[in-house]
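Breakdown of the fold
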Amino acid sequence: MAFILGSGSPRRLDLLAQLGVQPDAISAPDIDEDPERGELPLPYCARIAREKVHAVTAAPNDIVLCADTTVALGRRILGKPEDAGQAAEFLHALSGRRHRVITSVAVRRGDRVLQRDVVSQVKVKRLSDVEINAYLATGDWQGKAGAYAIQGPAGAFIPWISGSFTGIVGLPLSETAGLLQGIGYPLYCEAL
Ligand SMILES: Cc1cn([C@H]2C[C@H](O)[C@@H](COP(=O)(O)OP(=O)(O)OP(=O)(O)O)O2)c(=O)[nH]c1=O
């Protein structure tokens, strides 16, 4: 049995390390992440995580883990910004409001798939142009859903969350540990 992390995200690798889990292999899935017309954020996020976990090639007894993090402003999906202009647009839209961050985690072993969707609420303070421009200049928004990362400088913009901090960063550890155990990964076994 090999454990394959189906993610190119360094955050997910770090979060797994918090559980004491080191993948035997890393294989970033390459799928089309465009939302379908009218698709709502939660079903979108769950679909993308499912498609990712099926896109990774593995032997029948291997365990594959994939996740998708989606920022939802009402019914609107804020993906990874294409450029600084779009990042600025996202940050203006999030300013002074609450939004949801959804992370869907999927694990697969052969044909068996287990999946959990974890929804958190995040409040962003009202942002000035100076704050937005300073954050854009850091480049930290690149590759981040919704154009921010709570674990970076944008943490200063977030006075309140409800839900899973690790889920907002990209891999909800409590639910992930449960999924890994459910699919037969020997989590905690070496410590016994
Ligand atoms: C909201 C938020 C997102 N993010 C990141 C987590 C994800 O890496 C990224 C969302 O993109 P994803 O498509 O979920 O993941 P990814 O493309 O980085 O990696 P892969 O598909 O190979 O697994 O945004 C943060 O790091 N912090 C945050 O606060």
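What counts and what doesn't
Residues numbered from 1 in each chain as written. Predicted model: local features only at pLDDT ≥ 70, side-chain atom pairs only at ≥ 80, totals over all residues. Heavy atoms only, no water. Buried < 20%, exposed > 50% of the residue type's maximum accessible area, 1.4 Å probe, protein only. Helix = DSSP H or I, 4+ residues; strand = E, 2+ residues; numbered from the N terminus. Contact = heavy atoms within 4.5 Å. Polar contact = N/O pair within 3.5 Å; in protein donor to acceptor, adjacent residues only side chain to side chain. Phe/Tyr/Trp six-rings, centres within 6.5 Å; stacked < 30°, edge-to-face > 60°. Arc of directions from axis to C-beta. UniProt positions renumbered as here; feature names shortened; annotations may be inferred. 1 Å grid on protein atoms, 1.4 Å probe; cavity = no way out; pocket = protein on both sides within 12 Å on 5 of 7 lines; lining within 4 Å. Points joined across faces, edges and corners; volume = space filled by probe spheres on them. Nonpolar A, V, L, I, M, F, W, Y, C, P; charged D, E, K, R; others polar.

So, about helix α3 (residues 84-94). Those residues of α3 that fall on the buried side of the exposure criterion are Ala87, Ala88, Phe90, Leu91, Ala93 and Leu94. Where α3 is buried, its residues contact β3 (63-73), β4 (76-78), β5 (98-109) and α4 (129-138). Near the N-terminus of α3, the side chain that reaches the backbone nitrogen of glycine 85, with its oxygen 3.2 Å away, is that of aspartate 83. Phi turns positive one or two residues past the end of α3, at glycine 96, with a value near 75°.

Another aspect to go through is the packing of aromatic side chains. Each aromatic ring pair is described using two quantities: the centre-to-centre distance and the angle formed by the ring planes. Using the criterion set out here, one finds 2 aromatic pairs in the structure. On the basis of an interplanar angle of 65° and a centroid distance of 5.3 Å, the ring pair of phenylalanine 3 and tyrosine 185 is categorised as edge-to-face. Of this pair, phenylalanine 3 sits in strand β1 (residues 3-5) while tyrosine 185 sits in the segment after α6 (173-182), and the two are 182 residues apart along the sequence. Just as phenylalanine 3 is buried, tyrosine 185 falls in that class too. Ring centres 5.8 Å apart and planes at 75° place the aromatic pair tyrosine 135 and phenylalanine 157 in the edge-to-face group. Linking tyrosine 135 in helix α4 with phenylalanine 157 in the loop between α4 and β7 (160-162), this pair joins segments that are 22 residues apart in sequence.

Every buried residue belonging to helix α1 (residues 10-18) is among Arg12, Leu15 and Leu16, and all of these are buried. Looking straight down α1, one finds its buried side chains confined to an arc of 100°; they lie on one side. Every exposed residue of α1 that faces more than 90 degrees away from the buried side is listed here: Asp14 and Gln18. Summarising the contacts, the buried residues of α1 are in contact with β1, α2 (41-55), β3, α5 (165-169) and α6. Looking one or two places after α1, you find glycine 20, whose phi comes out positive at around 80°.

Using the residue numbers shown here, the UniProt feature "active site" (unreviewed entry) corresponds to Asp68. Structurally, aspartate 68 can be placed in strand β3. Of note is the side chain of aspartate 68, whose polar atom sits 3.1 Å from the side chain of lysine 52.

As a further point, take empty space enclosed by the protein. Under the definition given, this model contains 1 cavity of 30 Å³ or more. Partitioned by chemical class, the residues of the lining of the largest cavity number 8 nonpolar, no polar and no charged.

Right, let's talk about the layout of surface pockets for a bit. Size it by volume and the largest pocket reaches roughly 680 Å³. Forming the boundary of the largest pocket are 33 residues, of which Glu33, Thr69, Lys80, Gly143 and Ala145 lie nearest the centre. Secondary structure elements with two or more residues in the lining of the largest pocket: α1, α2, β3, β4 and α5. It is β3 that provides the largest number of residues to the lining of the largest pocket, a total of 4 residues. Per-class residue counts for the lining of the largest pocket are 15 nonpolar, 10 polar and 8 charged.

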